[in-house]
Each structure stands twice: as C-alpha cells, then as structure tokens.
Protein chains: 2
Amino acid sequence: MDAEGTAARGTTEPGLEGFEFDRATAVEPVGDGRWRGEIRPEWTVGLAPNGGYVVAMALAALSRSLPHPDPFAVSAHFVSKADPGPADVVVEVVRTGVGVSTGMARLVQGRRGRALVTGTYGDLSAIEGPTAVRGEPPDVPPPDACVKVEGPATPEFVKRFDLRLTEESAAWARTAPSGVAEMLGWIRFVDGRPPDSASLPLFADAFPPSSFNVVPSLWVPTLELTVHVRARPSPGWLLCRFQTRYLIDGYLEEDGELWDEGGRLVALSRQMARIQT
Amino acid sequence: MDAEGTAARGTTEPGLEGFEFDRATAVEPVGDGRWRGEIRPEWTVGLAPNGGYVVAMALAALSRSLPHPDPFAVSAHFVSKADPGPADVVVEVVRTGVGVSTGMARLVQGRRGRALVTGTYGDLSAIEGPTAVRGEPPDVPPPDACVKVEGPATPEFVKRFDLRLTEESAAWARTAPSGVAEMLGWIRFVDGRPPDSASLPLFADAFPPSSFNVVPSLWVPTLELTVHVRARPSPGWLLCRFQTRYLIDGYLEEDGELWDEGGRLVALSRQMARIQT
C-alpha cells in the first residue's frame with residue numbers, strides 16, 4: 001500500500017491533558033509506528049476494559065499518525081479480551097489523501113492481539129455538500145428528570161460518566177426488564193471534559209447494553225463496533241439512543257444515535273455483540 | 001498477533017463454480033498469504049468496480065484462510081478506486097478461535113491499496129441463544145408487481161442481477177426523485193445462483209444509492225461498508241430496504257436490511273458514502 005507516514009498532530013487538544021479520558025488513553029511513540037499506553041483498571045466493567053475505551057486508545061495513536069483531525073468512520077474487531085496493564089498500539093498508515101486518510105491500529109498486549117481498528121479520518125470543518133435529515137433527536141426528559149446511574153454496584157467504567165437513563169431504560173436495574181431493547185438518556189464525562197470527535201467512539205459504547213431490557217445477562221461482549229462521526233459536538237450533554245431490533249440466536253446488533261445539546265446528530269454507531277449468560 | 005494460518009475450506013461450495021459471481025471473485029493462492037484474482041469489467045458502474053464486489057473478492061481469499069464458514073461481521077474501508085484487471089488479495093489471519101476467527105484482507109493492484117477488509121467469521125449453523133426480533137420485513141408488492149431495472153442505460157454491474165424496485169423507489173429513474181431517501185425491492189442473481197452468506201456483502205451494496213431519490217448525483221462513492229450476516233438465506237429472492245436518514249454536508253449513511261423469501265432477516269448493512277455531483 002502506498003503508505004507515507006506523515007506524522008502530524010496530537011489528538012489531545014491543548015487544555016485537555018488534565019482530564020481523565022486523555023490521561024487514560026495517552027500513548028507515547030516508541031518507534032516504528034509503535035505506541036505505548038496503559039489500560040487503566042478504572043475503565044473496566046468487571047475484569048474487562050470497555051471496548052469503546054480500547055478503541056479510543058488505538059485511535060489516540062492512529063490520529064497522531066494521520067494528517068486529518070476527525071475520525072469519519074471507525075471499524076473495530078475485538079479479537080480477544082484486553083487486560084488492565086501496558087498495551088502497545090501498532091499503527092500503519094495505509095493512505096494519506098487530500099480529503100481523507102486511512103490507517104490501521106492494532107492494540108496488542110505482549111504477543112496477544114486485542115483489537116484491530118481501521119479508521120478513515122477527514123476534517124469535519126472542511127466538508128460541504130447537500131444536507132437532508134429525516135431523523136430527529138428522541139423525546140427524552142431533561143437530565144435532571146432522568147434516573148442517575150450510581151450506587152455501590154456501579155462498575156468502575158460507568159463512574160467515569162454522569163449517565164442519566166429514562167425511567168423505562170433504567171427498568172432492568174430498578175425493577176424488571178422493560179421488554180423493550182432500548183437505552184435512552186444523557187451522558188457526559190463526570191470530570192467536565194467536553195465531548196469531541198475523538199471521544200465519540202467511546203460514548204458510542206458507554207451505555208448499558210440495550211439487551212439488558214429484554215434478556216438479563218452477565219456480559220454482552222462486542223465482536224465488532226463501527227462508529228461514524230458526523231459532526232463535532234458542542235460542549236455539554238450528549239443525548240443518546242441505543243436500540244437492538246434483531247437479537248437472533250444470542251447475537252445482536254446495537255444501533256446508536258448520538259446528538260449534542262444543540263440537537264445536532266454527531267455520531268451513528270452499530271455493534272455486533274453476543275449475549276453471554 | 002497470534003496468527004496461525006490454518007488454511008481451511010473453499011468459499012465456493014460444490015456446484016457454484018459455474019456461476020458468474022463465483023468466476024468473477026475467484027482467487028488462486030500464489031504463496032505467503034497472497035491470492036490472485038481479476039476484477040472483471042462486467043462488475044463496474046461506469047469505470048468503477050462496485051464496492052460490494054471488491055469486498056466479495058477480498059472475502060473469497062479471506063474465507064479460504066479461516067476455519068469458519070460464514071462472515072459474521074465484515075468491515076471494509078475503500079482507500080482508492082479499483083480498476084478492472086488483475087488484483088491481489090493479501091490475507092493475514094489475526095486470530096483463530098473456537099467460536100469465531102478474524103482476519104484481514106487487503107485488495108491491492110500493483111503497489112496501490114484499494115480496499116482494507118476485516119472479517120470476523122463464525123458458523124451460523126452452530127450458534128444458539130435467545131431470539132427477540134422487533135423489526136419486520138417491509139411491505140413490498142411481489143417482484144412481478146415491481147419495476148424491473150433494465151434498459152440501454154443500465155450499468156454493466158446491474159445486469160448481473162434481476163433487480164425490482166417499488167414504484168416510489170424507481171421514481172428517480174422514471175420521473176423525478178421521490179424525495180424519500182429509500183430503495184425498496186427484490187434482488188437475485190440473473191443467472192440463477194442462489195444467495196449465500198458469501199454473497200450477502202455484495203447484495204448489501206447492489207441497489208442504487210437511496211440518496212438518488214433526494215439528490216441527483218453522478219456517483220456516490222463508498223468510504224466504508226459494514227455488513228453483519230445474521231442467517232444463511234434460503235434460495236430465491238432477497239427482499240431489501242436501504243435508507244438514508246442523515247445526509248449532512250454531502251456525507252451520508254445508508255442502512256440496509258436484507259431478508260430472504262422465508263421472511264428471515266439475513267443481513268444488516270451500513271455504509272458511509274459521499275455525494276459526488
């Protein structure tokens with residue numbers, strides 16, 4: 001492939017270095033397209049680091065290897081469960097174009113591959129063309145009228161966020177599954193870090209699985225996650241809807257829509273996962 | 001990564017070798033994980049080979065390098081336009097597990113990378129678990145009551161199929177764009193080849209872009225395509241719905257649902273593409 005390694009810019013914009021997300025996804029170059037980071041135990045659910053977090057760390061290395069600032073389309077395949085501890089990201093720049101550039105980032109621990117992430121980057125501030133929007137943000141009560149996810153059983157990962165679910169979405173945890181495979185609500189970083197295009201792939205995997213409202217399960221490991229970032233979010237809350245329409249023989253898709261406080265669609269996501277009971 | 005190259009089985013099941021799709025995606029091993037095929041001019045729209053076809057050729061090599069028969073999740077990033085002519089597929093097996101295996105296939109022509117395809121394979125006949133389906137097949141008139149896509153201006157690629165669109169979906173070609181970014185209809189191979197899990201990624205990119213019914217354009221090049229194969233289709237027609245809800249600044253997602261004649265969801269697809277006027 002016609003790879004040119006024009007190393008470019010940082011993901012972490014000035015002023016973001018002090019936030020938890022940026023510290024937890026920080027990577028340092030160690031040469032030959034290899035970057036070193038550390039998977040933090042604070043970003044796990046049980047013993048497993050969250051998939052969106054693993055992707056965000058891979059993208060932290062990839063974005064610093066590509067000239068464009070925003071992840072337009074990100075595809076991740078999770079090949080084995082990562083562990084807290086040191087992790088390397090091996091980046092390969094596949095093509096650098098005028099409008100978009102593409103590269104791969106593999107997150108590895110020792111000799112074990114954990115995630116295979118492909119990203120096509122561009123510049124969301126530079127695109128132009130027709131707009132025709134048919135969808136709209138879901139009708140959700142304001143954050144303070146939703147159910148705040150907190151309490152002693154809250155996984156470490158979830159504590160990184162201020163997460164508010166609608167009554168129906170929170171039903172699985174409070175009473176009984178609602179029967180509707182949907183999670184609706186608001187999210188933001190608990191430490192006040194504003195959302196940006198680099199953190200949207202994390203937010204796309206940060207809600208409880210929508211299947212919890214249909215089939216109680218211990219874990220819903222993700223096999224594949226795709227995120228399309230469509231706009232840079234404004235500061236504040238993200239309004240999100242995740243839903244599963246097809247749970248078939250234990251496998252499911254989960255489709256996400258993420259909106260910013262200005263009512264703008266900022267990302268679409270889809271993942272394939274598997275119910276593990 | 002813990003790669004073991006346990007070369008396995010063929011994609012082309014006995015009895016399929018004579019069909020057009022199987023001939024057009026045939027690849028031969030030339031050593032070191034490299035396979036050689038030929039991009040046929042019959043599978044182009046204008047000068048560009050269809051993206052789903054390029055993916056299908058990459059998968060023809062990948063599937064023969066993995067022990068599992070069905071592509072559960074396929075992600076493709078298109079880095080440059082392919083040309084008719086010889087093409088190599090460079091395969092890397094990333095992980096072979098009991099339930100699923102993952103690998104990468106890059107389609108290259110000379111020194112130019114064309115497509116980067118990651119696939120997680122499994123065995124659709126061996127999975128089990130809960131089922132809860134909320135979606136249903138669209139309400140579409142039978143194939144003979146739909147509009148057959150044919151005529152002198154039909155691209156070579158489209159002639160590989162028997163494609164029937166609803167009146168509203170065909171509006172862009174017959175009168176004026178319907179204003180609804182949707183393509184609904186039936187499809188099957190024109191030579192009678194039955195659909196299978198290997199050909200579903202092709203079918204997921206075989207309809208005209210749903211944006212044609214909103215914004216007339218010359219070309220809607222795909223940047224990224226993800227396909228989830230959820231069941232092996234029964235022989236016969238596939239019933240498909242493709243829709244775009246968010247066309248923003250010239251970029252769009254297109255979401256597809258593919259059903260078999262038995263009313264079973266067999267695949268979900270999503271692509272990110274760009275309107276080129």
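Residues numbered from 1 in each chain as written. Chains lettered and ligands numbered in written order. Predicted model: local features only at pLDDT ≥ 70, side-chain atom pairs only at ≥ 80, totals over all residues.

Draft legend 1. Representation of the overall build of chain A within the structure. The number of helices and strands found in chain A is four helices and 17 strands. Relative to a compact globule of 277 residues, whose C-alpha radius of gyration would be 19 Å, chain A shows 18 Å and is just as compact. With the principal axes as the frame, chain A shows a C-alpha extent of 55 × 45 × 40 Å. Taking all 277 residues of chain A together, 53% fall into the buried category. Long-range contacts, defined here as pairs at least 24 residues apart, represent 72% of the contacts in chain A between residues at least 6 apart. (Helix = DSSP H or I, 4+ residues; strand = E, 2+ residues; numbered from the N terminus. Rg over C-alpha atoms; globule rule 2.2 N^0.38 Å. Buried ≥ 20, exposed ≤ 12 C-beta atoms within 10 Å, placed from the backbone. Contact = placed C-beta atoms within 7 Å.)

Draft legend 2. Highlighting the pairing of strand 2 (residues 34-39) of chain B. Residue and element names in this part refer to chain B. In this structure, strand 1 (residues 28-31) lies alongside strand 2, joined through three bridges in antiparallel fashion. Looking at the pairing, Gly31 lines up with Arg34 of strand 2. The loop that links strand 1 with its antiparallel partner strand 2 comprises two residues; one of these, Asp32, has a positive phi angle of about 55°. For strand 2 and strand 6 (residues 85-96), the ladder comprises six bridges, and the chain directions are antiparallel. Among the inter-strand pairings, Trp35 is bridged to a residue of strand 6, identified as Val89. (Pairing = 2+ DSSP bridges.)

Draft legend 3. Looking closely at the domain arrangement of chain A. All names here are of chain A. Splitting chain A by domain gives domain 1 (20-122) and domain 2 (143-274). In this structure, domain 1 and domain 2 have C-alpha centres spaced 21 Å apart. Taken together, the contact pairs 25 residues of domain 1 with 24 residues of domain 2. Listing elements by their share of the side of domain 1 that touches domain 2, those giving two or more residues are helix 1 (20-24), strand 3 (44-45), helix 2 (51-63) and strand 5 (70-78). Looking at which element gives the most residues to the side of domain 1 that touches domain 2, the answer is strand 5, with nine residues. Partitioning the side of domain 1 that touches domain 2 into residue classes produces 14 nonpolar, eight polar and three charged. (Domains from an automatic or database assignment. Nonpolar A, V, L, I, M, F, W, Y, C, P; charged D, E, K, R; others polar.)

Draft legend 4. Main features of the nonpolar core. Ala58(A), Val117(A), Ala58(B) and Val117(B) are the most contacted members of the largest nonpolar core, which has 166 residues in total. Setting aside its immediate chain neighbours within four residues, Ala58(A) contacts Val89(A), Ala105(A), Leu107(A), Ala115(A) and Val117(A). (Core = buried A, V, L, I, M, F, W, Y, C linked by C-beta atoms within 7 Å.)

Draft legend 5. Inspection of helix 2 of chain A at higher detail. A rise of 1.5 Å per residue sets the reference length of helix 2 of chain A, with its 13 residues, at 18 Å; its end C-alpha atoms lie 18 Å apart and thus fit the reference within 8%. Of all 13 residues in helix 2 of chain A, 13 are buried, a share of seventy percent or more. (Expected span 1.5 Å × (residues − 1).)

Draft legend 6. Main features of the interface of chain B and chain A. Taken residue by residue, the interface counts 52 residues in chain B and 52 residues in chain A. The greatest single-element share of the side of chain B that touches chain A, amounting to five residues, is contributed by strand 8 (residues 112-122) of chain B. Class assignment of the residues belonging to the side of chain B that touches chain A gives a composition of 26 nonpolar, 13 polar and 13 charged. In terms of strand pairing, strand 15 (residues 246-248) of chain A meets strand 9 (residues 132-133) of chain B through two bridges, oriented antiparallel. Directly across from Leu247(A), in strand 9 of chain B, lies its bridge partner Ala132(B).

Draft legend 7. Highlighting the relation of the copies chain B and chain A. With an axial shift of 0.0 Å and an RMSD of 0.0 Å, the rotation relating chain B to chain A amounts to 180°. In short, the pair behaves as if placed about a two-fold rotation axis. No C-alpha of chain B lies nearer the rotation axis than that of Ser75(B), which sits 3.2 Å from it. When the interface residues of chain B are mapped onto chain A, 100% of them again fall at the interface, so both copies present the same face. (Least-squares fit on C-alpha atoms with pLDDT ≥ 70 in both.)

Draft legend 8. Quick peek at unusual backbone geometry. Residues and elements named next belong to chain A. Even without a glycine there, the phi angle at Asp32 is positive, about 60°. Note on placement: Asp32 falls in the loop between strand 1 (28-31) and strand 2 (34-39). Here Asp32 falls in the exposed class, since 8 other C-beta atoms lie within 10 Å of it. Even without a glycine there, the phi angle at Asp249 is positive, about 50°. Within the secondary structure, Asp249 sits in the loop between strand 15 and strand 16 (251-260).

Draft legend 9. Examining the environment of Ala181(A) more closely. Tracing the sequence through the fold places Ala181(A) in the loop between helix 3 (171-174) and strand 12 (182-189). Each C-alpha atom of the pair Ala181(A) and Glu168(A) lies 10 Å from the other, and the pair is 13 residues apart in sequence. With residues up to four places along the chain from it excluded, the contact list for Ala181(A) reads Ser210(A), Ser211(A), Asn213(A), Val214(A), Gln243(A), Thr244(A), Leu247(A), Ala132(B) and Arg134(B).

Draft legend 10. Region of the structure containing the pairing of strand 12 of chain A. All names here are of chain A. Burial analysis of strand 12 places seven of its eight residues in the buried class, the great majority of the element. Here strand 12 pairs with strand 14 (residues 238-243) via six bridges, running antiparallel. The partner of Gly185 across the bridge, within strand 14, is Cys240.

Draft legend 11. Broad picture of the confidence of the model for chain A. Residues with a pLDDT of 70 or more make up 95% of chain A, whose mean pLDDT is 94. In this model residues 1-10 of chain A is a low-confidence stretch, pLDDT under 50, and it forms 27 contacts with partners more than four residues away in sequence or in other chains. (pLDDT = per-residue confidence, 0-100.)

Draft legend 12. Just the environment of Ser211(B), in detail. Residues and elements named next belong to chain B. Counting through the fold element by element, Ser211 comes out in the loop between helix 4 (200-203) and strand 13 (222-229). Of the residues examined, Ser211 has 27 C-beta atoms within 10 Å and is grouped as buried. In this structure, the C-alpha to C-alpha distance between Ser211 and Leu247, residues 36 residues apart in sequence, is 8.1 Å. Apart from residues no more than four positions distant in its own chain, Ser211 is found in contact with Ala181, Ser217, Val220, Thr244, Leu247, Leu252 and Ile275.

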